[in-house]
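If you want the building blocks of each chain, they are given just below.
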Amino acid sequence: AQTVTQSQPEMSVQEAETVTLSCTYDTSESDYYLFWYKQPPSRQMILVIRQEAYKQQNATENRFSVNFQKAAKSFSLKISDSQLGDAAMYFCAYRSAYSGTASKLTFGTGTRLQVTL
Amino acid sequence: NAGVTQTPKFQVLKTGQSMTLQCAQDMNHEYMSWYRQDPGMGLRLIHYSVGAGITDQGEVPNGYNVSRSTTEDFPLRLLSAAPSQTSVYFCASSKQGIGEKLFFGSGTQLSVL
């Protein structure tokens, strides 16, 4: 079974600075998808970014980018120019590319990001 | 656009009581799922549905029941509540698959005394 590990329970960053959240995963599969979800204090989770394992290029969404290292099974999230609204719990998640539309997500335990002035 | 709507937002139950957590989506998504979130454990899949009339078990299905009579609604039933079911419950939906680009509701915080 696949596992997703987020080793940083909490992180802190100053406004306008850059922060990197770590995520590692364990899988024997060669094709899969990786995600970062954000859970703000409102509790409603939203998708931040998605990476396809067979794509070498790292995904980017505005101030959010990933560093995907397939051989190392590492998938970190970089937040540039941090804003107060970035304060949230961030979850890393994995799903297999097999089993089609019934392929389920495996979540990490989350990293709580605090943004300070 | 309402998205995924969960009710109630908070609920307190006594051990042994039953209740239904409601989930409705207005995006015509085929795929819906229920997760529970516990401190230090991330989100775990309880049950899911790939379309009206089709449901299946996730990682932690015991003590929960689901049905999917319409595309829009996917209620989660607690048959006989136990303190171990104290958690935050999230409903999610997707157009593309159970694990793909999920839209989440705002959760139900459930306490079982």
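Refer to the structure printed above.
As a starting point, this report considers the structure included with it. (Residues numbered from 1 in each chain as written. Chains lettered and ligands numbered in written order. Predicted model: local features only at pLDDT ≥ 70, side-chain atom pairs only at ≥ 80, totals over all residues. Heavy atoms only, no water.)

Here's the deal with the side chain of A:Gln6
All names here are of chain A. By the element assignment, Gln-6 lies in the loop between β1 (3–5) and β2 (10–14). Of the polar contacts made by the side chain of Gln-6, one reaches the side chain of Thr-111; its length is 3.4 Å. Here Gln-6 is in contact with Ser-22, Cys-23, Trp-36, Tyr-90, Phe-91, Cys-92, Gly-108, Thr-109, Gly-110 and Thr-111, once residues within four sequence places are set aside. (Helix = DSSP H or I, 4+ residues; strand = E, 2+ residues; numbered from the N terminus. Polar contact = N/O pair within 3.5 Å; in protein donor to acceptor, adjacent residues only side chain to side chain. Contact = heavy atoms within 4.5 Å.)

Considering the interface of chain B and chain A
Every contact between the two is made by 28 residues of chain B and, on the other side, 20 residues of chain A. Here chain B meets chain A over a buried area of about 1800 Å², counting both sides, of which 55% is carbon and sulfur. At the junction of chain B with chain A, the criterion picks out two salt bridges. A:Arg95 serves as the salt-bridge partner of B:Glu100, at 2.8 Å between the closest nitrogen and oxygen. The interface formed by chain B and chain A contains 14 residue pairs in polar contact (both at pLDDT 80 or more). The set of elements that each furnish at least two residues to the side of chain B that touches chain A consists of β4 (31–38), β5 (42–51), β9 (87–94) and β11 (108–112) of chain B. Ranked by residue count, the leading element in the side of chain B that touches chain A is β5(B), at four residues. Class assignment for the residues of the side of chain B that touches chain A results in 13 nonpolar, twelve polar and three charged. (Buried area = accessible area lost by both parts, 1.4 Å probe. Salt bridge = Lys/Arg side-chain N within 4 Å of Asp/Glu carboxyl O. Nonpolar A, V, L, I, M, F, W, Y, C, P; charged D, E, K, R; others polar.)

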